[in-house]
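Architecture at a glance
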Amino acid sequence: QVQLMESGGGLVQAGGSLRLSCAASGRIVSIRTMGWYRQAPGKQRELVATSISGGSTNYADSVKGRFTISRDNAKNTVYLQMNSLNPEDTGVYYCNAVLMTYGGSPWRDYWGQGTQVTVSS
């Protein structure tokens, strides 16, 4: 069984910063991608940023220049540094990983429980 454990959400004023962390644990053979999605009230879940094995990254246009995704492959952990936050960044942030486990199906999608980020104006 694989678990994605998120931390770092909270309440922050506009212009502030937060850092999210997500650690993957379990019988993991290899991780292809790790990333973050978010869901605002009344809206669909959307991509925030992803980090692909090999070093490439992908960001939503709305967060480019403000958010930075990074990975610690030795710890199976992904981070999201969020700067210059604004109220539109409010939502539940979900960690996602595409990975392979021992004895399991290759390259399956896994999700964390989500962490709330609230930005006040």
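The preceding data block contains the structure.
These lines cover the structure that appears in this document, whether it is placed above or below.

Calculation rules
- Residues numbered from 1 in each chain as written.
- Predicted model: local features only at pLDDT ≥ 70, side-chain atom pairs only at ≥ 80, totals over all residues.
- Heavy atoms only, no water.
- Helix = DSSP H or I, 4+ residues; strand = E, 2+ residues; numbered from the N terminus.
- Rg over C-alpha atoms; globule rule 2.2 N^0.38 Å.
- Disulfide = S-S within 2.5 Å.
- Buried < 20%, exposed > 50% of the residue type's maximum accessible area, 1.4 Å probe, protein only.

Here the focus is the overall build of the chain. A count of helical and extended segments in the chain gives zero helices and 11 strands. Scanning the chain from its N terminus toward the C terminus, one meets helices and strands in the order β-β-β-β-β-β-β-β-β-β-β. On C-alpha atoms alone, the chain measures out to a radius of gyration of 14 Å, which is about the 14 Å that the 2.2 N^0.38 rule sets for 121 residues. Across its three principal directions, the C-alpha atoms of the chain cover 50 × 25 × 20 Å.

A complete count under the given rule lists one disulfide for this structure. Bridging Cys22 to Cys95, the disulfide has an S-S length of 2.0 Å. Because the sign of the S-S torsion sets the handedness, a value of about -85° for the bond joining Cys22 and Cys95 places this disulfide among the left-handed ones. With Cys22 in strand E3 (residues 18-25) and Cys95 in strand E9 (residues 91-101), the pair connects residues that are 73 residues apart, well separated along the chain. Assigned by exposure class, Cys22 and Cys95 land together as buried.

This next bit is on unusual backbone geometry. One non-glycine residue, Asn76, lies in the positive phi region at around 50°. Checked against the element boundaries, Asn76 lands in the loop between strand E7 (67-72) and strand E8 (77-82). Of the residues examined, Asn76 reaches a relative accessible area of 24% and is grouped as partly exposed. Of note in the backbone geometry, Ser84 takes a positive phi value of approximately 50° without being a glycine. Relative to the helices and strands, Ser84 resides in the loop between E8 and E9.

Read these as layout, nothing more, since geometry by itself doesn't imply function.
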